[in-house]
Amino acid sequence: MRTTVGIIGGGPAGLLLARLLHRAGIDCAVLESRTREYVEQRQRAGMLEQGTVDALREAGAAGRLDTEGLVHHGIELRFAGERHRIDFPALTGGRTVTIYAQTEIVKDLVALQLADGPPLLFEAEALAVEKPESERPVVRFRHEGRERTLACDWVVGCDGSHGIARESFPTETSRTYAHDYPYSWLGILADVPPSCDELIYARGERGFALHSMRSASVSRLYLQVPNGTDPGDWPDERIWDELAARFAIDADWTLDRGPITAKSVTPMRSHVHEPMRHGRLLLAGDAAHIVPPTGAKGLNLAVSDVRVLARALTELHRTGSARLLDSYSDSCLARVWQATRFSYDMTRMLHAQPNGDAFDHRMQLARLRRISASRHAAAELAANYSGLPLAL
């Protein structure tokens, strides 16, 4: 096989990149190691920044998003029995966020790709990226029981934190920065309409809780739990009781309960790989960086990478200039580190620290009270949460 851009990974980053390149007239092919069914059912993020919504519209992939997505104009912070709303449009000049599950984004992009896009091969396991320093890198992969090669001008690794793309970077020029948090999230999906109109972030002595949603009829909720927690140790009634306790406020509000259809535990970590380019091999999304889900930045960072990369490859294709490609890694990492900082700050502010003391508790409350009382502090949170402008 021969193409201009070989994309490893058929998640939202790889699929969106393929769609943007296709619309720019650039040949590409996507290799995805999993089955189509697996990719379309993988539960991931659901909060989209304004820029992510704009990117999906630009790619012609926002038909269902625009009709089924839930536009939110803020979030609610709960602590010390109080509730405080952060009004995004009022603080950011009109920016909003949208709730639309990543599974639905993937379904939309897969359907477009298979209908009129470039090749998308499922169950195509990338084995190695060869000669990334040359002008003709090659991806070796296994598909339908035999080993094949994909010759490219450029290779983009969108294959996640355990993929082979990042492993193809030379160790002597690679730097990794990582931080593991001393707690995890127990997440559930429940067939019950959300008990709120916007996301609730609750901080209390019992630990953190988040009330989100996937649709008008499906709720997505999370509890802070110790690392190593087995979801089987949390029967449904215990989960609902604990959620109700952590969301409790000194006002009339009730958490509605319903059948829990899925449970999972997510470790919390930050991970950044530098640089994001080696020769003609480039990284995007989780292949280059992981953030804890508190700030809802994972999917949105991946989309930001892809937007920058698509513009860079399009400029090269149309003008022959590699200016944007040469600055790709530095441009993306500047944004990545800001999102990593924001996610770290949100996580530290809202979670009970396992080894924390009364001083830590008071510091967290002081930060929350500053945000709820100061327009400047609230605007800083709103700007980061809804998505900083993309410098292109």
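Higher on the page you've got the structure.
This structure is a prediction, so every number in the text was calculated from the model and none was measured. (Residues numbered from 1 in each chain as written. Predicted model: local features only at pLDDT ≥ 70, side-chain atom pairs only at ≥ 80, totals over all residues. Heavy atoms only, no water.)

Chemist: Help me get a handle on the pairing of strand β12 (residues 154–157), residues and values and all.
Modeler: Both faces of β12 are covered, namely the face carrying Trp-154 and Val-156 and the face carrying Val-155 and Gly-157. Pairing of strand β1 (residues 5–8) with β12, which is carried by four bridges, proceeds in the parallel orientation. Note on β12: the bridge partner recorded for Ile-7 is Val-156. Taken together, the three bridges between β12 and strand β19 (residues 281–283) define a ladder with parallel strand orientation. Of the residues in β19, the one forming a bridge with Val-155 is Leu-281. (Buried < 20%, exposed > 50% of the residue type's maximum accessible area, 1.4 Å probe, protein only. Helix = DSSP H or I, 4+ residues; strand = E, 2+ residues; numbered from the N terminus. Pairing = 2+ DSSP bridges.)

Chemist: Explain the environment of Val-39 to me, and be specific about the residues and the numbers.
Modeler: Relative to the helices and strands, Val-39 is located in helix α2 (residues 36–41). Here the alpha-carbon distance between Val-39 and Ala-310, two residues 271 residues apart in the chain, equals 22 Å. If we ignore the near neighbours within four places in the chain, the residues touching Val-39 are Gly-10, Glu-32, Arg-34, Val-106 and Phe-122. (Contact = heavy atoms within 4.5 Å.)

Chemist: Provide a residue-level description of the sheet that holds β19, including the pertinent values.
Modeler: Spatial ordering of the open sheet is given by β8-β2-β1-β12-β19-β18, a layout of six strands whose pairing is mixed. Two strands in the sheet have a free side with no partner beyond their single neighbour: β8 (120–121) and β18 (277–278). Bridging between β1 and strand β2 (residues 28–31) involves four bridges; their strand directions are parallel. Bridge pairing links Ile-8 to Leu-31 in β2.

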